[in-house]
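Next come the chains, spelled out residue by residue.
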Amino acid sequence: MLTLNPKELDSRVFYSYLTGTVAPRPIAFASTVDKSGNVNLSPFSFFNIMGINPPILVFAPNNRGRDGSKKDTILNLEEVPEVVINMVDYSMIQQMSLSSVEFPRGTNEFIKSGFTEEKSVFVKPPRVKESQAQFECKVLEIKRIGTMNLVICEVILAHFSEQIIGENGKIEQQKTDWVARMGGDWYVRANEVSMFEVEKPITKIGIGYDAIPEKIRLSKILTGNHLGQLGNVENLPSHAEIFAFRETLIMQQIIEQVLYGCAFLDNLLHNEAAKLLNENKVKEAWLMLLQEF
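Residues numbered from 1 in each chain as written. Predicted model: local features only at pLDDT ≥ 70, side-chain atom pairs only at ≥ 80, totals over all residues. Heavy atoms only, no water.

Participant: How should helix H9 (residues 265-278) be read in this particular structure?
Facilitator: Since the α-helix advances by 3.6 residues per turn, residues separated by three or four positions end up pointing in the same direction. With 14 residues, H9 should reach 20 Å at 1.5 Å per residue; the first-to-last C-alpha distance of 20 Å fits that figure. Packing partners of the buried residues in H9 comprise helix H5 (214-217), helix H6 (224-230), helix H8 (249-259) and helix H10 (282-289). Downstream of H9 by one or two residues, asparagine 280 has phi in the positive range, about 65°. (Helix = DSSP H or I, 4+ residues; strand = E, 2+ residues; numbered from the N terminus. Expected span 1.5 Å × (residues − 1). Contact = heavy atoms within 4.5 Å.)

Structure follows, in structure tokens:
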């Protein structure tokens, strides 16, 4: 056995052991607002149910490791003690990851990550329309322990998608597709009990969902996960790179199909880009999507 005393290690080192073993952890996708009404949306995996009467959810937005400063979620809760905790399933995972970028304070992550604001009934923060389960909460207490902020919330209204409700009126687990955090960049998908990797956008600032050209963003072929991958690049390819990519074999085959009237250009480009994104070849997908004729 490897035996470690947390007092003898740097906190970030021991953190990696904690998150690698206390897993999988559900994700609290928390939407909050400041006193001016500016919206914030951030995911936290230090989260769980802590009571049923009243129904209590607890999550912990720890202070930033690099400088000890409070995250926007906590700053907002200090001004407006209300939160919506939205649950995350597999169809949202890439966009959710994109929302965790350290955007400047005041940035609306709904816009940056491409989620839809849904007006709440009892609280000021909006709900994530794409989420299959949403909990409107009032904050009972924020307990501070070291660099941790333990947010204790009471659920005052809950919303569940009909898609996950069975004939008995209860949530049918086989219809859900929840995602939970493992250690590092790893997640687990509940319905398949299999892990997959999503790069955390912590070393770069992605362009965001809203910077994706409209004809790509509104694609009927690319999924929300694909768009989340595209929005996580720091810069778009240069004109020279785009032009050079036109000379590749796959592009020549696409051009030939279009010239002979076999298919529409955008459909071909989007289908091929989707295949590249499924292989995590994000730059190549951008080079494909940005072709113009």
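Structure's up, so let's keep going.
Participant: It is not clear to me how the nonpolar core should be interpreted in this structure. Could you clarify?
Facilitator: Within soluble globular proteins, side chains that are nonpolar tend to cluster in buried spots. Ile216, Leu222, Leu227, Leu230, Trp286 and Met288 are the most contacted members of the largest nonpolar core, which totals 28 residues. Of all the secondary structure elements, the ones that give two or more residues to this core are H6, helix H7 (239-245), H8, H9 and H10. Counting 22 residues, the second largest nonpolar core, distinct from the first, contains Phe44, Ala133, Phe135 and Val155. (Core = buried A, V, L, I, M, F, W, Y, C linked by side-chain atoms within 4.5 Å. Buried < 20%, exposed > 50% of the residue type's maximum accessible area, 1.4 Å probe, protein only.)

Participant: What's the story with the environment of methionine 87 in this structure? I'm lost.
Facilitator: Take methionine 87: it is sitting in the loop between strand E6 (82-86) and helix H3 (93-99). Taking the C-alpha atoms as reference points, methionine 87 and isoleucine 74, separated by 13 residues in sequence, lie 19 Å from one another. Excluding residues within four positions of it along the chain, methionine 87 makes contact with Ile27, Phe47, Met92, Ser131, Gln132, Ala133, Phe135 and Trp178.

Participant: Looking at this model, I keep getting lost on the pattern of salt bridges. Mind explaining?
Facilitator: Should the charged atoms of two oppositely charged side chains come close, the side chains can pair. For the coordinates displayed, the defined rule picks out 15 salt bridges. For glutamate 78, the salt bridge goes to lysine 70, with nearest N and O atoms at 2.6 Å. Judged by relative accessible area, which is 36%, glutamate 78 ranks as partly exposed. Counted as one network, the salt bridges with shared partners bring together Arg64, Asp72, Glu102 and Arg105. (Salt bridge = Lys/Arg side-chain N within 4 Å of Asp/Glu carboxyl O.)

Participant: Please clarify how the packing of H9 against H10 should be interpreted in this entry.
Facilitator: Packed helices, taken two at a time, are described by the angle between their axes plus the distance between the axes. One way to put it is that H9 packs onto H10 with a least axis distance of 8 Å and a crossing angle of 175°. The angle between H9 and H10 falls in the class roughly antiparallel. Each of Leu269, His270, Glu272, Ala273, Leu276 and Leu277 in H9 lies in contact with H10, whose residues at this interface are Val282, Glu284, Ala285, Met288 and Leu289. (Axes fitted to C-alpha atoms, helices over the stretch in contact; angles between N-to-C directions. Parallel < 35°, antiparallel > 145°, perpendicular 65-115°, else oblique.)

Participant: What am I meant to see in the packing of H8 against H9 here?
Facilitator: Contact geometry for H8 and H9: axes closest at 10 Å, N-to-C directions at 155°. Overall, the two elements H8 and H9 adopt an arrangement that is roughly antiparallel. Both H8 and H9 take part in a crossing whose hand is right-handed. Counted together, Ile250, Met251, Ile254, Gln257 and Val258 of H8 and Leu265, Leu268, Leu269 and Glu272 of H9 form the full contact between these two elements. (Left-handed = near helix turned anticlockwise from the far one by under 90°.)

Participant: Explain the packing of aromatic side chains to me, please; I cannot follow it from the model alone.
Facilitator: Within a pair of aromatic rings, the relevant descriptors are the distance that separates the centres and the angle that separates the planes. Under the defined criterion, the tally for this structure stands at four aromatic pairs. On the basis of an interplanar angle of 75° and a centroid distance of 5.4 Å, the ring pair of phenylalanine 29 and phenylalanine 115 is categorised as edge-to-face. With phenylalanine 29 in strand E2 (residues 28-33) and phenylalanine 115 in the loop between helix H4 (109-113) and strand E7 (117-118), the pair connects residues that are 86 residues apart, well separated along the chain. For the pair phenylalanine 29 and phenylalanine 115, a shared accessibility class is recorded, and that class is buried. Each ring, one from phenylalanine 44 and one from phenylalanine 59, has its centre 5.7 Å from the other, and the planes form 35°; the classification is tilted. Taken together, the positions of phenylalanine 44 in strand E3 (residues 39-44) and phenylalanine 59 in strand E5 (residues 55-59) put the pair 15 residues apart, joining distant regions of the chain. For the pair shown, phenylalanine 44 and phenylalanine 59 are each scored as buried. The cationic tip of arginine 12 hangs over the ring face of tyrosine 15; the distance from NZ or CZ to the ring centre is 4.4 Å. Its guanidinium or amino end placed over the ring of tyrosine 90, arginine 189 lies 3.7 Å from that ring's centre, counting from NZ or CZ. (Phe/Tyr/Trp six-rings, centres within 6.5 Å; stacked < 30°, edge-to-face > 60°. Lys NZ or Arg CZ within 6 Å of the ring centre and 35° of its normal.)

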